[in-house]
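# Examining the three-dimensional arrangement
In case you want the letters, here they are:
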Amino acid sequence: MAFEDTLVYIVIALIAGFFLGWCFVKAQISAIEQRYRADLERWKIEYAAEIRKDSVNRSRSTLKGKIGEQMAPLLPSFGYLPADARFIGSPVDYIIFDGLSSVADEKGSTIRIVFMDVKHGSATLSRTQRVIKKAVEEGTITWQTLHLDDY
C-alpha cells in the first residue's frame, strides 16, 4: 500500500503543480494585458491632439481645394472668359466653351471645347480623370442629339 499512497501523493502534487502553473501563467498574461492597455491609453492621450490636428489640416486642405475650384475663373491664370466656363464638379471641374461669348454676341463663329480640372498643391488627376483626358487627347468625342416626343 505504500506504493499506492505514494502514487496518490504524486498525482495530487502533479495536479497542484499544473494548477499553480496555470494560475501563474494566467497572472503573467493578465499583467502583460494591463501593461499593453496602459501603453495604448498613454499612446491615445499623447497622439490624440496630433491626430485631431492632422484631421483639421486635411479638412482645411480639402476646403481650400473646393474653394479654389469654384474661384478659378476669377484668377488671372485661368486663361478663359469666366462666362465661357461651366462648372460641373465631377468628374472634371469645368467644361469651357472657349469663344462662346463671341458666338452669342454674333462676333464669332467657332468655339473650342476644353475640359479642365483644377488642382491644389500636389494633387494629381484621379484614374477616372486620366481616362477622360486620354479620350479627349485621342479625339474619341462625338455629338448626339436626343429628340423627345411629347407624351
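Residues numbered from 1 in each chain as written. Predicted model: local features only at pLDDT ≥ 70, side-chain atom pairs only at ≥ 80, totals over all residues. Heavy atoms only, no water.

### With respect to the environment of Ala135
Within the secondary structure, Ala135 is located in helix H3 (residues 127-138). Judged by relative accessible area, which is 26%, Ala135 ranks as partly exposed. (Helix = DSSP H or I, 4+ residues; strand = E, 2+ residues; numbered from the N terminus. Buried < 20%, exposed > 50% of the residue type's maximum accessible area, 1.4 Å probe, protein only.)

### Quick look at the packing of aromatic side chains
Centre-to-centre distance and the angle between the planes together describe a pair of aromatic rings. As enumerated under the stated definition, the model contains five aromatic pairs in all. Both rings, one in Phe87 and one in Tyr94, keep their centres 5.3 Å apart while their planes meet at 70°; by these two values the pair is edge-to-face. Classification of Phe87 as partly exposed rests on a relative accessible area of 33%. Judged by its relative accessible area of 2%, Tyr94 falls in the buried class. A connected cluster of aromatic rings, assembled from ring pairs, spans Phe78, Tyr80, Phe87 and Tyr94. We note Arg35 situated over the ring of Tyr36; from NZ or CZ to the ring centre the distance is 5.5 Å. (Phe/Tyr/Trp six-rings, centres within 6.5 Å; stacked < 30°, edge-to-face > 60°. Lys NZ or Arg CZ within 6 Å of the ring centre and 35° of its normal.)

### What about the sheet that holds strand E2 (residues 94-98)?
Pairing between sheet strands relies on hydrogen bonds along the backbone, with the strands arranged either parallel or antiparallel. Strands sit in the order E1-E2-E3 across an open sheet of three strands; the sheet is antiparallel. The sheet terminates laterally at strand E1 (85-87) and strand E3 (112-116), the two strands that pair on one side only. Within this sheet the neighbouring strands show an average axis-to-axis angle of 20°, counted without direction. The sheet contact formed by E1 and E2 spans three bridges and is antiparallel. Looking at E2, one finds that Ala85 is bridged to Ile96. (Pairing = 2+ DSSP bridges. Axes fitted to C-alpha atoms, helices over the stretch in contact; angles between N-to-C directions.)

### Things to note about the environment of Ala85
Summarising the element assignment, Ala85 is placed in strand E1. Under the relative-accessibility criterion, Ala85 is labelled buried at 11%. Once the C-alpha coordinates of Ala85 and Lys26 are considered, the two residues, 59 residues apart in sequence, prove to be 70 Å apart. Apart from residues lying up to four places away in sequence, Ala85 is in contact with Phe78, Tyr94, Ile95 and Ile96. (Contact = heavy atoms within 4.5 Å.)

### Observations regarding the side chain of Asp93
In this structure, Asp93 sits in the loop between E1 and E2. Despite its burial, Asp93 remains without a salt bridge, the nearest opposite charge being carried by Lys119 at 6.0 Å. A polar atom in the side chain of Asp93 sits 2.8 Å from the backbone nitrogen of Val118. Look past the residues within four positions of Asp93 in its chain and what remains in contact with it is Glu69, Arg86, Phe87, Ile88, Met116, Asp117 and Val118. (Lys, Arg positive; Asp, Glu negative; His and termini not counted. Salt bridge = Lys/Arg side-chain N within 4 Å of Asp/Glu carboxyl O. Polar contact = N/O pair within 3.5 Å; in protein donor to acceptor, adjacent residues only side chain to side chain.)

### Some thoughts on a nonpolar patch on the surface
The grouping of Val103, Ile111, Ile113, Phe115, Val136 and Ile141 at the surface amounts to a nonpolar patch, some 470 Å² of accessible area in total. As for its position among the elements, Ile111 is in the loop between helix H2 (100-104) and E3. Of the residues examined, Ile111 reaches a relative accessible area of 39% and is grouped as partly exposed. (Patch = residues over 30% accessible without salt bridge, like charges linked within 9 Å, V, L, I, M, F, W, Y side chains within 5 Å. Areas by Shrake-Rupley, 256 points an atom, 1.4 Å probe, with all protein chains shown as cover.)

### Describing the environment of Asp84
With respect to the helices and strands, the residue Asp84 is situated in the loop between helix H1 (2-71) and E1. Placed 52 residues apart in sequence, Asp84 and Ile32 show a C-alpha to C-alpha distance of 67 Å. Separated by 3.1 Å, the side chain of Asp84 and the backbone nitrogen of Gly99 make a polar contact.

### Focus: unusual backbone geometry
In this model, Ser90 is joined to Pro91 through a cis peptide bond whose omega is 5°. If you trace the backbone, Pro91 turns up in the loop between E1 and E2.

Keep in mind these numbers describe shape, not what the thing actually does.
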